[in-house]
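What follows is each chain in one-letter form.
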Number of protein chains: 2
Amino acid sequence: MAKTMTDAAEAMIRESGARVTRARVEVLAVLLKAERALSHHDVERRLNRSLGVDRVTVYRVLDWLSGCGLAHKIAGEDRISRYNAAEHAHSRAHAHFQCGRCGTVVCLDDADAPTEVPVPTGFVPHEVVLTVKGLCATCAHTRTSSSRHPPARARH
Amino acid sequence: MAKTMTDAAEAMIRESGARVTRARVEVLAVLLKAERALSHHDVERRLNRSLGVDRVTVYRVLDWLSGCGLAHKIAGEDRISRYNAAEHAHSRAHAHFQCGRCGTVVCLDDADAPTEVPVPTGFVPHEVVLTVKGLCATCAHTRTSSSRHPPARARH
DNA sequence: AAGTCACGTGCAACTATGTTGCGTTAAATG
DNA sequence: CATTTAACGCAACATAGTTGCACGTGACTT
Ligand SMILES: [Mn+2]
Ligand SMILES: [Mn+2]
Ligand SMILES: [Zn+2]
Ligand SMILES: [Zn+2]
């Protein structure tokens with residue numbers, strides 16, 4: 001499975017026409033393996049540390065991936081950007097769930113945002129995103145079971 | 001007008017039952033006068049400098065205002081939080097426009113987001129926000145008139 | 001009006017995410 | 001293999017927001 005994702009990543013990057021580097025391949029592979037949007041920090045932790053990829057490089061790769069459409073950048077409530085691999089080419093109007101406690105972001109592939117929304121005169125709309133805020137399964141569960149815990153930021 | 005907004009702010013805060021302080025009144029008055037969502041920086045610039053309100057206090061007041069529902073916090077693409085006074089009690093499902101160039105955020109009071117969106121099992125939705133990304137009137141205009149300008153971050 | 005006290009404030013130091021400049025490395029091409 | 005140039009590593013920086021603590025003040029009691 002790991003090998004497959006790495007191969008898939010390499011193919012996608014090669015397809016894009018740009019240089020195929022280890023950092024790009026590995027970061028994209030990490031995103032492809034993930035089941036939710038990953039922050040820079042998440043990516044660093046999941047990267048094979050033996051590769052020794054610099055944190056700035058990870059930032060630049062994530063930026064490049066979202067710039068060329070291979071990934072999808074989502075600005076979180078918590079001032080952290082998270083990235084999804086854009087396997088299923090995201091429609092111009094799709095939906096995300098954001099957990100207000102731990103920051104977890106997942107794509108809601110089922111739901112779709114309205115494509116046409118009235119904007120003030122002169123404004124030029126480009127993309128519509130539907131954001132559902134609430135608690136992820138983990139946070140909702142720990143909230144209800146362990147009665148009263150401080151609202152500290154979770155780390156799962 | 002300025003006096004009226006200050007009075008309105010004071011009344012709203014008094015209504016909330018919490019302490020009525022100069023910082024809270026002035027910050028809320030600034031938000032009430034604004035026609036768009038304001039960042040911490042925006043608020044500081046618009047505060048009468050003779051009041052000498054500390055920047056940390058402004059952060060805390062903005063946090064308190066959004067916490068008690070007198071204002072509405074919006075996380076921007078640019079990692080900056082912006083705040084709207086919640087005059088017209090925001091519905092649980094409303095829409096915002098965010099300019100991808102200068103970061104300007106305005107409430108789209110006309111549009112409404114779908115109230116019911118399917119989420120994964122265990123997830124608990126709380127609020128739905130429809131975000132339209134694009135260019136505000138100013139940015140769209142300067143982009144089309146002065147043909148090719150660098151994509152630097154605007155400051156209006 | 002004076003006294004009390006918890007809540008709000010000012011200040012300084014700090015954290016965290018992300019960015020920039022620059023010299024070096026290594027993909028691509030032939 | 002040699003050349004070219006985009007990508008990388010490193011260090012320093014930028015900026016939004018947070019925290020700890022001493023002090024001041026709004027609201028409430030007397
Ligand atoms: Mn998405
Ligand atoms: Mn709003
Ligand atoms: Zn969560
Ligand atoms: Zn703009």
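Here the structure is a predicted model, which is why all the values come from computation and not from measurement.

**Observations regarding the overall build of chain A**
Thinking step 1. When helices and strands are counted, chain A shows five helices and six strands.
Thinking step 2. Along chain A, helices (α) and strands (β) appear in the sequence α-α-β-α-α-β-β-β-β-β-α when read from the amino end.
Thinking step 3. For chain A, the spread of C-alpha atoms along the three principal axes comes to 50 × 45 × 25 Å.
Thinking step 4. Taken over 156 residues, chain A has a buried fraction of 46%.
Thinking step 5. Accessible area of chain A: about 8,700 Å², with a carbon and sulfur share of 50%.
Thinking step 6. Distance between charge centres in chain A, computed from 22 positive and 17 negative side chains, equals 9 Å.

**With respect to the coordination of the zinc ion (ligand 3)**
Ideal values for angles at a metal depend on the geometry: 109.5 degrees with four tetrahedral donors, 90 or 180 degrees with six octahedral donors.
Thinking step 1. Surrounding the zinc ion (ligand 3) are the protein donor atoms A:Cys99 (SG), A:Cys102 (SG), A:Cys136 (SG) and A:Cys139 (SG), which sit 2.3 to 2.4 Å from the metal.
Thinking step 2. Relative to the metal, the four donor atoms surrounding the zinc ion (ligand 3) lie at angles of 105 to 117 degrees, and the coordination shape comes out tetrahedral.

**Focus on the protein's contact with DNA strand C**
Thinking step 1. Near DNA strand C, the surroundings consist of 23 residues, among which A:Ser81, B:Thr21, B:Arg24, B:Thr57 and B:Arg60 are the closest.
Thinking step 2. A share of 63% is what sugar and phosphate atoms reach among the atoms of DNA strand C within 4 Å of the protein.
Thinking step 3. The backbone of B:Asp54 places a nitrogen or oxygen atom 3.1 Å from a phosphate oxygen of DNA strand C.
Thinking step 4. In this structure, a sugar or linking oxygen belonging to DNA strand C sits 3.0 Å away from a side-chain N or O atom of B:Arg79.
Thinking step 5. Along the lines of polarity and charge, the residues of the surface near DNA strand C split into eight nonpolar, five polar and 10 charged.

**A look at the relation of the copies chain B and chain A**
Between the two copies of this chain, the relationship is a rotation about some axis together with a displacement along it.
Thinking step 1. For the pair chain B and chain A, the relating rotation is 179 degrees, the translation along its axis is 0.1 Å, and the fit reaches an RMSD of 0.1 Å. Expressed as a symmetry operation, the mapping of one chain copy onto the other fits a two-fold axis.
Thinking step 2. Most of the interface of chain B is mirrored in chain A, where 100% of its interface residues again form contacts.

What counts and how
Along each chain, residues carry numbers from 1 onward, in the same order as the chain's sequence is written. By the order in which they are written, chains take letters starting at A while ligands take numbers starting at 1. Only residues with pLDDT of 70 or above have their local features reported here, since the model is predicted, and side-chain atom pairs are shown and tallied only from 80 upward, although totals for entire chains, interfaces and linings are computed over all residues. Where side-chain values are given, they derive from all heavy atoms of the structure, hydrogens and water being excluded. Only DSSP runs of H or I reaching four residues or more are called helices, and only runs of E reaching two or more are called strands; each is numbered from the N terminus. We call a residue buried when its accessible area falls under 20% of the maximum for its residue type, exposed when it is over 50%, and partly exposed in between, using a 1.4 Å probe and counting protein chains only. Only the protein chains shown count as cover for residues, with accessible areas throughout obtained via the Shrake-Rupley method and a probe of 1.4 Å. When charges are counted, Lys and Arg contribute as positive and Asp and Glu as negative, whereas His and the chain ends are disregarded. Just so you know, the charge point we use is NZ for Lys, CZ for Arg, CG for Asp and CD for Glu. Donor atoms (N, O, S) are those found within 2.8 Å of the metal centre, with the cutoff raised to 3.2 Å for Na, K and Ca; water is not part of the atom list, so apparent gaps in a site can occur. Here a site with four donors is tetrahedral if all angles are between 85 and 135 degrees, and a site with four or six donors is square planar or octahedral if opposite donors are over 155 degrees apart and the other angles are between 65 and 115; anything else gets the irregular label. We call a residue near a molecule or strand whenever a single non-hydrogen atom of that residue lies within 4 Å of it. Polar contact is defined as a pair of N or O atoms within 3.5 Å, subject to the rule that within protein one atom must be able to donate a hydrogen and the other to accept it, and that residues adjacent in sequence are counted only when both atoms are side-chain atoms. Classification used: nonpolar for Ala, Val, Leu, Ile, Met, Phe, Trp, Tyr, Cys and Pro, charged for Asp, Glu, Lys and Arg, polar for all others including Gly. A least-squares fit on C-alpha atoms brings the copies together, and the residues used are those whose pLDDT is at least 70 in both copies. For this analysis, residues touch if any pair of their heavy atoms sits within 4.5 Å.

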